[in-house]
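Topology and contacts: notes
Below are the chains, spelled out letter by letter.
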Amino acid sequence: QVQLDESGGGLVQAGGSLRLSCAASGRTFSSYAMGWFRRAPGKEREFVAAITWTGYRIDYPESVKGRFTISRDNAKNTVYLQMNSLKPEDTAVYYCAADPVVTEFVRRPGRVDYWGQGTQVTVSS
């Protein structure tokens, strides 16, 4: 079992930045790829970013490419999502997720093993 605890969400003006954190506990952190999804009101869940234990990153979707960066600190069992140049359309609940297979984040997100409770990000115009 893996427990994921997100933090760092909040209210920010357009053009601002936030850094989300996700602390993992339970099974060996190194066994899992980590990632972020988001769900905006009235919209489907959207893949945002994913990273393997060794730091390999799946291509970001166009909606966040160049603005968001995922990273992880394996010593702290924590994954981060640095979000810059935020836009009102980035407003969503952001979820941290973990799975042994990094490609599951894009191929079969419904099968990703573990999820956090989510943290709200609101970007005002």
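Residues numbered from 1 in each chain as written. Predicted model: local features only at pLDDT ≥ 70, side-chain atom pairs only at ≥ 80, totals over all residues. Heavy atoms only, no water.

The next thing to look at is the sheet that holds strand E6 (residues 68-73). As summarised here, the arrangement of the four strands in space is E1-E3-E7-E6, forming an open sheet in which the pairing is antiparallel. Whereas interior strands pair on both sides, the edge strands pair on one side only; in this sheet they are strand E1 (2-7) and E6. Across the sheet, the mean angle from the axis of one strand to that of its neighbour is 20°, orientation sign disregarded. Alignment of E6 against strand E7 (residues 78-83), held across six bridges, turns out to be antiparallel. Across the sheet, the residue bridging to Phe 68 is Met 83, located in E7. (Pairing = 2+ DSSP bridges. Helix = DSSP H or I, 4+ residues; strand = E, 2+ residues; numbered from the N terminus. Axes fitted to C-alpha atoms, helices over the stretch in contact; angles between N-to-C directions.)

Across the two faces of E6 the burial differs, with Phe 68, Ile 70 and Arg 72 buried and Thr 69, Ser 71 and Asp 73 not buried at all. In sequence, E6 turns back onto E7 through a hairpin of four residues, with Asn 77 there showing a positive phi of about 55°. (Buried < 20%, exposed > 50% of the residue type's maximum accessible area, 1.4 Å probe, protein only.)

Here the focus is the nonpolar core. Counting residues in hydrophobic clusters, the biggest one holds 30 residues, and the most contacted among them are Leu 4, Met 34, Trp 36, Leu 81, Met 83 and Tyr 94. Taken together, the elements giving at least two residues each to this core come down to E1, strand E3 (18-26), strand E4 (33-39), strand E5 (46-51), E6, E7, strand E8 (92-99) and strand E10 (119-124). Residues within four places of Leu 4 in sequence aside, it is in contact with Cys 22, Ala 23, Ala 24, Met 34, Cys 96, Ala 97, Ala 98, Tyr 114, Trp 115, Gly 116 and Gln 117. Formed by nine residues, the second largest nonpolar core is a distinct cluster that contains Ala 33, Phe 37, Ala 97 and Val 112. (Core = buried A, V, L, I, M, F, W, Y, C linked by side-chain atoms within 4.5 Å. Contact = heavy atoms within 4.5 Å.)

The next subject is the pattern of salt bridges. Two side chains of opposite charge can pair, provided their charged atoms sit close to one another. Overall, the coordinates contain five salt bridges when judged by the stated rule. Linking Asp 90 and Arg 38 is a salt bridge whose minimum nitrogen-to-oxygen distance equals 2.9 Å. Of this pair, Asp 90 sits in the loop between E7 and E8 while Arg 38 sits in strand E4, placing them 52 residues apart in sequence. Side by side, Asp 90 and Arg 38 carry an identical accessibility label, which is buried. Measuring nitrogen to oxygen at the nearest pair gives 2.7 Å for the salt bridge that ties Asp 90 to Arg 67. In this pair, Asp 90 sits in the loop between E7 and E8 while Arg 67 sits in the loop between E5 and E6, placing the two residues 23 residues apart along the sequence. (Salt bridge = Lys/Arg side-chain N within 4 Å of Asp/Glu carboxyl O.)

Positive phi outside glycine occurs at Asn 77, with the angle close to 55°. Position of Asn 77 among the secondary structure elements: in the loop between E6 and E7. Residue class for Asn 77 comes out partly exposed when judged on its relative accessible area of 28%. One non-glycine residue with positive phi stands out, namely Ser 85, at about 50°. Classification of Ser 85 by relative accessible area gives partly exposed; the value is 42%.

Okay, the packing of aromatic side chains next. Working definition: an aromatic ring pair is given by the centre-to-centre distance plus the angle between the planes. The final tally for this structure, using the stated rule, is four aromatic pairs. Between Phe 37 and Phe 47, the ring centres sit 5.8 Å apart and the planes meet at 70°, which makes this aromatic pair edge-to-face. Placement of Phe 37 in strand E4 and of Phe 47 in strand E5 is noted, with a sequence separation of 10 residues between them. A relative accessible area of 1% places Phe 37 in the buried class. (Phe/Tyr/Trp six-rings, centres within 6.5 Å; stacked < 30°, edge-to-face > 60°.)

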